[in-house]
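# A structural walkthrough
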Amino acid sequence: MKVLVTGGVGFVGVHLLPWLEHDSAIESVVILDSLCYTSIPSVLHGLSDKFKFIKGDICEVTRVADLVSTVDVVINLAAQTFVDNAINDSLPFVMTNIFGLASILEAIRKDKCRQRLVHISTDEVWGEALVGSFNEESPYHPRNPYSATKAAADHMIRAYGSTYGLRYNIIHFPNLYGRWQYPEKLIPATIARLSRDEKARIYGDGQQTRTWLHVNDAVDGLLRVFHHATMRTYTLGTDDVWTNLDVVKLICRLMGKDETSIEFVEDRLGHDRHYVVDCSRICQELNWRPTIKFEVGVADIIAWFKAHQRWWETAHQ
Ligand SMILES: NC(=O)c1ccc[n+]([C@@H]2O[C@H](COP(=O)([O-])OP(=O)(O)OC[C@H]3O[C@@H](n4cnc5c(N)ncnc54)[C@H](O)[C@@H]3O)[C@@H](O)[C@H]2O)c1
């Protein structure tokens, strides 16, 4: 099997590529990535000749069509991902997350839907879970420009499924954390600020709840869907539901700081209060389980950040 991984040099990609290296069902992997600010190009040095890297944009329609025609499966990880950036300027999000995805869809359609698409979505497409939890059948209600572009992409994929017979899988990830995550997201940003003896920042009252999943568990779920999916859509989640304030307090404690190291700043516009998902489909059908407890995973990242200070200091904007 030949695979194209778009956005493979980002946070999720760098954790996925080593698994593809050792996957005997996969003959070759082409990575297409524009190397935007969140990417980690240093990972490319360690790859075997099973991989071919191409610097390019998923919005380049002709190039995408040429690459798609050479593979059997496309795993789309390419996206603009930071909600704050989307609130400041949604256009790059519309370009990559909708137009770029549409260029992949068109490439597949023009090749008679020969390729399967495995696409990563988010739990944010469902909006706030004020009562109960969301699953694969829940109606979409995105509340910020990032999640709206992710929702639009999912709708496009389903439309290509029913109109043209596209074979696809959509996997909803909750909030992920792990090594190499760009230090704009809550956990690495907090570690970076506390490491510099700056105060950790909390939006609003910090009572927003999120489901936290370690990136290694997310990649395990992705690979189970890739190899064994019986359904089109899966949701990953955990019981590790934390308020943002408790996450920051945990990091403070693990880094030997007290709560005077936390400052509350103006809340994010349209900030979703709660995300809670029901991931029983993937647990029951594909025997997936999260394996890394949140406190353990966070402690690992703190230690890892200490050892990789140069990376996050130069990565941090
Ligand atoms: N990280 C999370 O917490 C999380 C949670 C839910 C869903 N997701 C989804 O998972 C996927 C991967 O996220 P991530 O955390 O690895 O993001 P990331 O920002 O770390 O990586 C994205 C990668 O895509 C590349 N890219 C961006 N625009 C591109 C374009 N136009 N053409 C080609 N490459 C482009 C970037 O250079 C980068 O290497 C995304 O679809 C994201 O929405 C992530």
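Presented here is an overview of the structure given in this document. (Residues numbered from 1 in each chain as written. Predicted model: local features only at pLDDT ≥ 70, side-chain atom pairs only at ≥ 80, totals over all residues.)

## Considering the packing of helix α4 (residues 91-110) against helix α5 (residues 145-164)
The contact between α4 and α5 brings their axes to 8 Å, and the two run at 15°. In terms of orientation, α4 lies roughly parallel with respect to α5. α4 and α5 meet at a crossing whose hand is right-handed. Only Pro145, Tyr146, Thr149, Lys150, Ala152, Ala153, Met156, Ile157, Tyr160 and Tyr164 of α5 make contact with α4, whose side of the interface consists of Phe93, Val94, Asn97, Ile98, Leu101, Ala102, Leu105 and Arg109. (Axes fitted to C-alpha atoms, helices over the stretch in contact; angles between N-to-C directions. Helix = DSSP H or I, 4+ residues; strand = E, 2+ residues; numbered from the N terminus. Parallel < 35°, antiparallel > 145°, perpendicular 65-115°, else oblique. Left-handed = near helix turned anticlockwise from the far one by under 90°. Contact = placed C-beta atoms within 7 Å.)

## Examining the nonpolar core
Counting 80 residues, the largest nonpolar core has Val68, Ile104 and Ala218 as the members making the most contacts within it. Excluding its chain neighbours within four sequence positions, the residues that come into contact with Val68 are Leu4, Val74, Ile104, Ala107, Ile108, Asp111 and Gln115. (Core = buried A, V, L, I, M, F, W, Y, C linked by C-beta atoms within 7 Å. Buried ≥ 20, exposed ≤ 12 C-beta atoms within 10 Å, placed from the backbone.)

## Looking at the site of the ligand
With respect to spatial proximity, 31 residues lie near the ligand, and among them Gly7, Gly10, Phe11, Ser39 and Ala79 are the closest. Going through the elements one at a time, α1 (11-21), β2 (28-33), α4, β5 (116-122) and β7 (175-177) are the ones with two or more residues in the shell around the ligand. In terms of residue count, the dominant contributor to the shell around the ligand is α1 (three residues). (Near = placed C-beta within 6 Å.)

## Considerations on the sheet that holds β5
The strands that make up a sheet are held in pairs by hydrogen bonds between backbone atoms, and each pair lies either parallel or antiparallel. If you trace the seven strands from one edge of the open sheet to the other, you get β3-β2-β1-β4-β5-β6-β10, paired in parallel fashion. Of all the strands in the sheet, just β3 (51-55) and β10 (233-235) have a single pairing partner and so form its edges. Within the sheet, the average angular offset between the axes of one strand and its neighbour, ignoring direction, is 15°. Pairing of strand β4 (residues 73-76) with β5 involves four bridges; the strand directions are parallel. (Pairing = 2+ DSSP bridges.)

## Examining unusual backbone geometry
One non-glycine residue, Leu35, lies in the positive phi region at around 55°. Summarising the element assignment, Leu35 is placed in the loop between β2 and β3. For Leu35, a count of 15 C-beta atoms within 10 Å corresponds to the partly exposed category. In this structure, Lys112 takes a positive phi of about 60° despite not being glycine. Among the structural elements, Lys112 can be located in the loop between α4 and β5.

## Re the packing of helix α2 (residues 61-68) against α4
For the pair α2 and α4, the least separation of the axes is 9 Å and the interaxial angle reads 50°. The angle between α2 and α4 places the two elements in the oblique class. With respect to the hand of their crossing, α2 and α4 are arranged in right-handed fashion. Where α2 approaches α4, its residues Val61, Val64, Ala65 and Val68 are matched on the opposing element by Ser103, Ile104, Glu106, Ala107, Ile108 and Lys110. When the residues that make up the contact of α2 with α4 are grouped by side-chain class, the tally is seven nonpolar, one polar and two charged. (Nonpolar A, V, L, I, M, F, W, Y, C, P; charged D, E, K, R; others polar.)

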